[in-house]
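Fold and contact review
So the chains spell out like this:
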Amino acid sequence: MKTTQVASVFIFLTTLASTATLQAQECEYQRDYDIDLDANQIQELEIDAGAGPIEISGQGGDSIRITARACASSEDSLDGVTLQYERNGDRWEVISETKADDGWFGWTRDSYAYLEMTIEAPGGIDLDIDDGSGSLLVSDWQGAVEIDDGSGSIELRNILGAVDIDDGSGSLHLTEGEGDIELDDGSGDIDISNWTGNIYLNDGSGDMNITQIVGNVTVDDDGSGPITIEDIDGNVRIEEDGSGSIDVYRVTGDLTMGSTGSGGLHFSDIEGNVSM
């Protein structure tokens with residue numbers, strides 16, 4: 001049975017035409033939100049976002065704090081930006097939608113609508129994000145992180161929990177974490193460093209740099225772009241590579257190479273067996 005909990009909400013509506021000195025051009029009309037959600041007995045935070053940047057961080061306390069700013073090119077477009085939230089058992093659902101005058105989400109040549117959102121939450125909550133477009137930053141988080149992203153950069157810092165990312169396009173940067181990583185990426189550069197946990201990747205295109213990992217690294221399928229893997233305390237396995245150079249250095253375990261396409265292969269300081 002779905003229940004809705006009343007939260008302490010303070011919504012400040014400031015729908016104003018901008019001037020060159022007071023407002024950035026990309027936020028001609030705006031609406032601000034300041035929301036507190038009770039985190040007692042919450043196990044999961046689910047976010048379904050349209051267009052706009054999102055920053056999420058783990059903090060102390062017993063509430064989930066959301067601050068947001070809706071921006072649009074017109075009053076009608078601003079009306080198309082919404083932020084809703086609902087509690088369902090041990091899960092909070094936060095849903096934002098953005099729609100400009102012409103029906104397109106995000107930006108077009110003549111109109112735009114988006115929502116900037118910052119979220120702070122206590123530790124021990126799993127995070128499930130479905131993001132349309134815009135940059136995403138998650139930092140200092142204790143709990144599993146699952147991301148389904150359309151486009152825009154993704155950065156994860158200081159994560160304690162398993163990570164599962166399905167990404168359309170945009171750069172990925174993951175650093176200083178503990179937990180297994182499963183990553184399916186369409187296009188964009190991938191950087192993973194200073195991580196403890198097994199890493200499993202499928203990559204379409206873009207540079208890949210994986211360094212200082214305690215755990216096994218498996219690249220199941222890579223389309224194009226150079227791969228650099230170094231300082232791995234575990235095994236490295238590259239099943240299939242389309243094109244681009246492959247460099248593997250300083251691995252304590254085995255190096256296993258499957259099918260490789262075009263591009264040079266270089267490796268050294270492999271303590272285990274090398275099979276090709």
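See above for the structure.
These lines cover the structure that appears in this document, whether it is placed above or below. Here the structure is a predicted model, which means the values were calculated and not measured.

Overview of the state of the cysteines
Here a disulfide denotes one covalent bond, and it connects the sulfur atoms of two cysteines. Evaluation of the coordinates by the stated rule reveals one disulfide. Paired by a disulfide, C27 and C71 hold their sulfur atoms 2.1 Å apart. Disulfide C27-C71: the torsion about the S-S bond is -80°, which places it as left-handed. Of this pair, C27 sits in the loop between strand 1 (8-12) and strand 2 (29-38) while C71 sits in strand 5 (residues 63-72), and the two are 44 residues apart along the sequence. Accessibility assignment for this pair places C27 and C71 in one class, buried.

Some points on the pattern of salt bridges
Scanning the entire structure with this criterion turns up nine salt bridges. A salt bridge links R65 to D34; the shortest N-O distance between them is 2.6 Å. Separated by 31 residues along the polypeptide, R65 in strand 5 and D34 in strand 2 bring together distant segments of the chain. Looking at R65, the relative accessible area reads 32%, which means it is partly exposed.

So, the environment of E26
Structurally, the position occupied by E26 is in the loop between strand 1 and strand 2. Filtering out sequence-adjacent residues up to four positions away, E26 remains in contact with C71, Y112 and Y114.

The rules behind these values
Residues numbered from 1 in each chain as written. Predicted model: local features only at pLDDT ≥ 70, side-chain atom pairs only at ≥ 80, totals over all residues. Heavy atoms only, no water. Disulfide = S-S within 2.5 Å. Helix = DSSP H or I, 4+ residues; strand = E, 2+ residues; numbered from the N terminus. Buried < 20%, exposed > 50% of the residue type's maximum accessible area, 1.4 Å probe, protein only. Salt bridge = Lys/Arg side-chain N within 4 Å of Asp/Glu carboxyl O. Contact = heavy atoms within 4.5 Å.

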